[in-house]
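Inside the fold
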Amino acid sequence: MGVADLGEGGSLSSLPALGADGRGGLTLGGARYLLIRPETLVGLQKAVEGALGGRAGGARATASLAGTAEERVARLLRIGGEIGWGEFALERLTAAELMVSVRHSAVAESCGPASAPVCHLIRGVLESLAAATFGRPSTVVETACVAMGAPACRFVAS
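Predicted model only: the values in this text are computed from it and were never measured.

Quick word on helix α5 (residues 120–134)
Relative to the 21 Å expected for 15 residues at 1.5 Å per residue, α5 spans 20 Å between its end C-alpha atoms, a close match to the ideal helical length. With 11 of 15 residues buried, α5 lies mostly within the body of the structure. Every buried residue of α5 is listed here: H120, I122, R123, G124, L126, E127, S128, L129, A130, T133 and F134. Backbone geometry just after α5 places G135 at a positive phi near 75 degrees.

Structure follows, in C-alpha cells:
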C-alpha cells in the first residue's frame, strides 16, 4: 500500500479488511497487495545485495505525501508500523537531519545475526522521505541494527 492510498490522515484501521478479489489477488482498501513472509523478502534482499549491492525504494510513496514536514514524517512512520515493518519512532527532525529508530524490524529479525546493517528497504524508504522532507537528495545511514545485536535499528538522514 502506498502512503497516498490512505489519503489525508488515513489509517489502516479505517480501511476495509483484507479480502480476496476472486482473481487470485488480495485487496486492501481497493488496492491489490501481495503478502510475503519477511524471511522470503530477506532471501530476495540477500540475493540482490550479492549481485548489485543494497539500496531500494520509497520514492513513489513519499512523493505523494502532503502537509508539513512533521506531518509527512509522522504519517509515513505510523504507516510503516501499521503495515508490519516494525515499531517506528521519530528521534529527531531538524531542517538538516532526520533520525528514526525502528524496534522489531521485520527485516532485521528475519535476517538473523549479521556483521553489517541489513534494513536496506527501510533505509531506502527513509532516504526518499528525507529527500521529500528536505527538498534535496539525502543520504541515510543505518547506524545500528537489530541483526547486529542493537536493541533497535537507527537511521540517520542528512
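Focus: the nonpolar core
It is characteristic of soluble globular proteins that their nonpolar side chains tend to be buried jointly. L98, V118, C119, L126 and F155 are the most contacted members of the largest nonpolar core, which totals 24 residues. Elements represented by at least two residues in this core include exactly α3 (69–82), β5 (98–103), α4 (106–111), α5 and β7 (153–157). By residue number, the principal contributor to this core is α5, which donates five residues. Ignoring sequence-local partners within four residues, the contact set of F155 consists of L98, M99, V100, V102, C119, I122, R123, L126, V140, V141 and E142.

Regarding unusual backbone geometry
Although it is not a glycine, H104 adopts a positive phi angle of roughly 60 degrees. Tracing the backbone through its elements, the reader meets H104 in the loop between β5 and α4.

Cut-offs used in this document
- Residues numbered from 1 in each chain as written.
- Predicted model: local features only at pLDDT ≥ 70, side-chain atom pairs only at ≥ 80, totals over all residues.
- Heavy atoms only, no water.
- Helix = DSSP H or I, 4+ residues; strand = E, 2+ residues; numbered from the N terminus.
- Expected span 1.5 Å × (residues − 1).
- Buried < 20%, exposed > 50% of the residue type's maximum accessible area, 1.4 Å probe, protein only.
- Core = buried A, V, L, I, M, F, W, Y, C linked by side-chain atoms within 4.5 Å.
- Contact = heavy atoms within 4.5 Å.

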